[in-house]
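Examining the three-dimensional arrangement
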Amino acid sequence: MRDRAHGPSDGPSADDAPDAGTVRPRLFADLTPLRISTAYRRLWFGNTISWMGQQMTALAVSLQVYAVTRSTFCVGLVGLCSLVPLVVFGLYGGAVADTVDRRKLGLASAGGATALSVALAVAALVGFHHVWFLYAIVAAQAICFAVNSTARSSMVPRLLPARALPAANALQSLTSNLGLMAGPSLGGLIVGLWGYQAAYLIDAAAFTASLYAMWRLPAIRPDVGRRRASVRDGLRFLATRPNVRMTFFSDLAAMVLAQPRALFPAVAALWFGGGARTVGLLVAAPAIGAVLGGLFSGWLGRVRRHGLAILCAVASWGAAVAVFGLTRQLWLGMVFLAVAGCSDTVSMVFRSTMLQAATPDEMRGRLQGVFVVVVAGGPRLGDFLAGSVANLASPTVAVVGGGLACVLVLGLLALRWPGFARYDARTPRA
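Residues numbered from 1 in each chain as written. Predicted model: local features only at pLDDT ≥ 70, side-chain atom pairs only at ≥ 80, totals over all residues. Heavy atoms only, no water.

Comments concerning the overall build of the protein
This is how the line gets drawn: Helix and strand definitions follow DSSP, with helices as H or I runs of at least four residues and strands as E runs of at least two, each counted in order from the N terminus. The reference for a compact globule is 2.2 Å times residues^0.38; the radius of gyration itself is calculated from the C-alpha atoms. Partly exposed residues are those whose accessible area sits between 20% and 50% of the maximum for their type, while under 20% is buried and over 50% is exposed, using a 1.4 Å probe and protein chains only. For every accessible area listed, the method is Shrake-Rupley and the probe measures 1.4 Å; residues are considered covered only by the protein chains on display.
Across its full length, the protein holds 15 helices and zero strands. Against the compact-globule benchmark of 22 Å for 430 residues, the protein has a radius of gyration of 21 Å, which places it among compact chains. For the protein, the C-alpha atoms occupy an extent of roughly 60 × 55 × 40 Å along the three principal directions. Put simply, the protein has 430 residues, and 53% of those count as buried. In the form shown here, the protein has an accessible surface area of approximately 18,200 Å², with 68% of it arising from carbon and sulfur atoms.

A closer look at unusual backbone geometry
One non-glycine residue with positive phi stands out, namely R70, at about 55°. Turning to its location among the elements, R70 is positioned in the loop between α2 (38-69) and α3 (72-97). Judged by its relative accessible area of 60%, R70 is exposed.

Observations concerning a nonpolar patch on the surface
Using the following cut-off: Surface patches are drawn from residues lacking salt bridges whose relative accessible area is over 30%; two like charges belong together within 9 Å, two nonpolar side chains (Val, Leu, Ile, Met, Phe, Trp, Tyr) within 5 Å. In what follows, salt bridge is the name for a side-chain nitrogen of Lys or Arg lying within 4 Å of a carboxyl oxygen of Asp or Glu.
On the surface, L27, F28, M181, I288, L292, L295 and F296 cluster together to form a nonpolar patch covering roughly 600 Å² of accessible area. When you line up the elements, L295 lands in helix α11 (residues 276-295).

Digging into helix α15 (residues 395-416)
Since the α-helix turns once every 3.6 residues, residues separated by three or four places project in the same direction. Filter applied, for reference: Take the number of residues in a helix, subtract one, and multiply by 1.5 Å to get its expected span.
Compared with the 32 Å implied by 1.5 Å per residue over 22 residues, the 31 Å span of α15 between its first and last C-alpha is a close match. Within the sequence span of α15, burial applies to P395, A398, V399, V400, G402, G403, C406, L410 and L413.

With respect to helix α5 (residues 131-159)
The end-to-end C-alpha distance of α5 is 41 Å, a good match for the 42 Å that 29 residues give at a rise of 1.5 Å each. With 23 of 29 residues buried, α5 is to be regarded as a mostly interior element.

Description of the packing of helix α6 (residues 165-194) against helix α7 (residues 196-215)
Where we set the bar: Only the contacting stretch of a helix is used when fitting its axis, a line to C-alpha atoms as for every element, and angles between N-to-C directions run 0 to 180 degrees. Here the word oblique covers every angle except those under 35 degrees (roughly parallel), over 145 (roughly antiparallel) and from 65 to 115 (roughly perpendicular). Contact between two residues is taken to exist if any of their heavy atoms lie within 4.5 Å; hydrogens are not considered. For this classification, Asp, Glu, Lys and Arg are treated as charged, while Ala, Val, Leu, Ile, Met, Phe, Trp, Tyr, Cys and Pro are nonpolar and the rest, including Gly, are polar.
The interhelical angle for the contact between α6 and α7, taken along N-to-C directions, is 130°, at an axis separation of 6 Å. In terms of their interaxial angle, α6 and α7 are classed as oblique. Along its contact with α6, which presents I190, V191 and W194, the element α7 presents Y196, Q197, A198, A199 and I202. A class-by-class count of the residues in the contact of α6 with α7 yields seven nonpolar, one polar and no charged.

The analysis is restricted to geometry; functional conclusions fall outside its scope.
Below, the structure written as structure tokens:
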């Protein structure tokens, strides 16, 4: 039986709805989770609005750092300042989420993020332009994001029936990718018109949507009662669950071995004879594909073999990246990058669903913490690997070889754990 949130209900539960989980043929994104659960609907809308604000702030901070230092190296350090807290507090935030009321944890982390955006706005208004302060705020924001993400993701299986999780994760993917596309553009426009403080204040206001959504949730306490939850126990649990472990391995195969984004400036010039505008198109292409994958995700709810779907999606990512490395026409390269982005959305939907459905409630926070670490760290390791191989050989070798290596490693992983391809969503086994 599905775990339920403890506390006052917010209307009929998802399981009690007469049409909950009814699967109908559809093309566009399945909105069933928004219809059957008022609590989830508030959570999704709140996260959508606050995520857009976060992306505006991320761009504004980078612009402000460059304006103060005139150094691209200093701008690059912004990412490093966020990576370490994401990794550390992704793990420990997950352990905390398995111990306390996840609603309160989400409220505390969203409140902290709101206060940090206000601090950025006040500093900009009074002319306090110091890089060390911006770095410190970015690190603190990463802590709040890691904790909030693990709390929020581990709440979802308590708000929805298991059969609605693929649709919910597709909606989350759509939110994430739309924010990544539109947030920086809006942030740049707002900074240009009204200054950094305007972007930060809008971000703080956007967080009120997330705070309201968390406030209206029922209490979501651990089913096993208050106790100490250790990161080590979560990792030990993961070591005994091959299907869940494979979701992480498959994503690492894609993001570490076949992540071409660090090479976009080089390939824009060498392959397509372009400049900054071409780089922008290459960066946008996977995001466009990911958004399209989210918009046309209605069919995902009919898929039961989630493990096989992940293998196919990750293999499609690797193959698309490899073929992109062979193209020398910009439009064709963008098509294959868009295919890769769409494949990544499909993979993410089923990886998230397997993690939520096949993990017991008392371990969900910690496993979501591992998920945050993999999602945050994998692409950054991929950037380093691609840049190193391109420097030693060539961008073509890095991109084509990385894509082929992804497919090869994925095939070896599938042979090592054949049960993953047989995973059935109707009888989830970790």
